[in-house]
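# Commentary on secondary and tertiary structure
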Amino acid sequence: MSFEIVLNHTVGDCRLSVDFASQVPRIAVTGPSGVGKTTLLNCIAGLITPETGKIVIGGRVLFDSTERISIRVEQRGAGYVFQDARLFNHLRVAANLAYGERLRQAGHSGVDRERIIETLGIGSLLDRWPASLSGGEIRRVAIARAVFAHPRFLLLDEPLSSLDQERAAEILTMIEHLGTAIGIPMIYVSHQPEETARLTDTILQLAPR
Ligand SMILES: Nc1ncnc2c1ncn2[C@@H]1O[C@H](COP(=O)(O)OP(=O)(O)OP(=O)(O)O)[C@@H](O)[C@H]1O
């Protein structure tokens, strides 16, 4: 997997300027609160159009302002785990996962559902409503839902924030397994150096400008 992310974008008072390239399967994005980490993920996912730049992931050009290329959100192949998880509260866990599967692009084979459910330890939660889940359970279901869409790569926005240390460590191990056993490339946003170090040595450090 390769990542080439070059972009300039201003949102509010935040001027995001990135020039990064790497050939590793997992990268981490760090930097102080408000520096633009979520904005960067939104640009990669296609939810925000950067003012200028070029985004190439796994050899696929997702965005190139010079060439006027901007692949549509649903064709980018991003599995996005939002900072606030965003489960559908009116759907049970199983239906949330099925929604993820429906996002799968035509032509892609399905993922190994059982393996993902087992890796993330959510087998006993399938009949539950999101409102009855703990914070850690919500994160695990949100990650599974993103993976069920068979993404080309995962965007994880601080997936362990506000979890206690023990729960965070447990889910981090599950995320590591997804990366290695199931082989999904990742861009992982976190403030915590000890978290990112478990996943990758390649860090995209954003600094205020
Ligand atoms: N729609 C918007 N209008 C104005 N300012 C915005 C908008 N969206 C984001 N911002 C600002 O852009 C900056 C970057 O926000 P972003 O959420 O990308 O930061 P972050 O690094 O992910 O922060 P955190 O670590 O706190 O989640 C912040 O100052 C934020 O207030």
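Residues numbered from 1 in each chain as written. Predicted model: local features only at pLDDT ≥ 70, side-chain atom pairs only at ≥ 80, totals over all residues. Heavy atoms only, no water.

### Some thoughts on the layout of surface pockets
Empty space within the largest pocket amounts to approximately 540 Å³. Around the largest pocket sit 24 residues that line it, and Ala 78, Gly 79, Tyr 80, Leu 103 and Ala 149 are the ones nearest its centre. Broken down by secondary-structure element, the contributors of at least two residues to the lining of the largest pocket are helix H2 (73-76), strand E7 (78-81), helix H3 (93-102) and helix H5 (135-148). Of the residues that constitute the lining of the largest pocket, the class distribution is 13 nonpolar, six polar and five charged. Roughly 300 Å³ of internal volume is contained in the second largest pocket. Around the second largest pocket sit 17 residues that line it, and Gln 165, Ala 168, Gln 192, Glu 194 and Glu 195 are the ones nearest its centre. For the lining of the second largest pocket, the secondary structure elements donating two or more residues are helix H6 (165-182) and helix H7 (193-199). Here the lining of the second largest pocket takes four residues from H6, the largest share from any one element. Looking at the lining of the second largest pocket residue by residue, the classes come out as six nonpolar, six polar and five charged. (1 Å grid on protein atoms, 1.4 Å probe; cavity = no way out; pocket = protein on both sides within 12 Å on 5 of 7 lines; lining within 4 Å. Points joined across faces, edges and corners; volume = space filled by probe spheres on them. Helix = DSSP H or I, 4+ residues; strand = E, 2+ residues; numbered from the N terminus. Nonpolar A, V, L, I, M, F, W, Y, C, P; charged D, E, K, R; others polar.)

### Quick word on the pattern of salt bridges
With the rule as written, the count across this model stands at seven salt bridges. In this structure, Arg 128 and Glu 137 form a salt bridge, with 3.8 Å as the shortest nitrogen-oxygen distance. On the accessibility criterion, Glu 137 (17% relative accessible area) is buried. Linking Glu 170 and Arg 167 is a salt bridge whose minimum nitrogen-to-oxygen distance equals 2.9 Å. Of the two residues, Glu 170 and Arg 167 both sit in helix H6, three residues apart, roughly one turn of that helix. (Salt bridge = Lys/Arg side-chain N within 4 Å of Asp/Glu carboxyl O. Buried < 20%, exposed > 50% of the residue type's maximum accessible area, 1.4 Å probe, protein only.)

### Some words on the site of the ligand
Residues in close proximity to the ligand total 14 residues, the closest being Ser 33, Gly 34, Lys 37, Thr 38 and Thr 39. Taking Ser 33, its side chain carries an N or O atom lying 2.5 Å from an oxygen atom of the ligand. In this structure, Thr 39 approaches the ligand through a side-chain N or O atom, which is 2.6 Å from an oxygen atom. Computed on the free molecule, the ligand has an accessible area of 640 Å², of which 56% lies beneath the protein chains in the complex. The element best represented in the shell around the ligand is helix H1 (residues 37-45), accounting for three residues. The class makeup of the residues in the shell around the ligand is four nonpolar, eight polar and two charged. (Near = heavy atom within 4 Å. Polar contact = N/O pair within 3.5 Å; in protein donor to acceptor, adjacent residues only side chain to side chain. Areas by Shrake-Rupley, 256 points an atom, 1.4 Å probe, with all protein chains shown as cover.)

### Comments concerning the sheet that holds strand E1 (residues 3-11)
Spatially, E2-E1-E4-E5-E6 is the arrangement adopted by the five strands of the open sheet, whose pairing is antiparallel. Looking at strand neighbours, the two that pair on one side only are strand E2 (14-22) and strand E6 (69-70), the edges of this open sheet. Across nine bridges, the pairing between E1 and E2 is antiparallel. What sits directly across from Ile 5, in E2, is Phe 20. Contacts from H1 reach E1, E2, strand E4 (52-57) and strand E5 (60-64), with the element oriented near 115° to E1. (Pairing = 2+ DSSP bridges. Contact = heavy atoms within 4.5 Å. Axes fitted to C-alpha atoms, helices over the stretch in contact; angles between N-to-C directions.)

### Side note on the pairing of E2
Of the two faces of E2, only one is covered, namely that formed by Cys 14, Leu 16, Val 18, Phe 20 and Ser 22; the face formed by Arg 15, Ser 17, Asp 19 and Ala 21 stays uncovered. A loop of two residues connects E1 with E2, the two strands running antiparallel in sequence, and Gly 12 in this loop sits at a positive phi of about 55°.

### Topic: the sheet that holds strand E8 (residues 153-157)
In space, the five strands of this open sheet follow the order E7-E8-E9-E3-E10, with parallel pairing throughout. The open sheet has two free edges, formed respectively by E7 and strand E10 (203-205), since each of these has just one partner strand. With strand direction ignored, the average angle separating the axes of adjacent strands in the sheet is 15°. As judged from the three bridges shared by strand E3 (residues 26-30) and E10, these two strands associate in the parallel manner. Among the inter-strand pairings, Val 29 is bridged to a residue of E10, identified as Leu 204.

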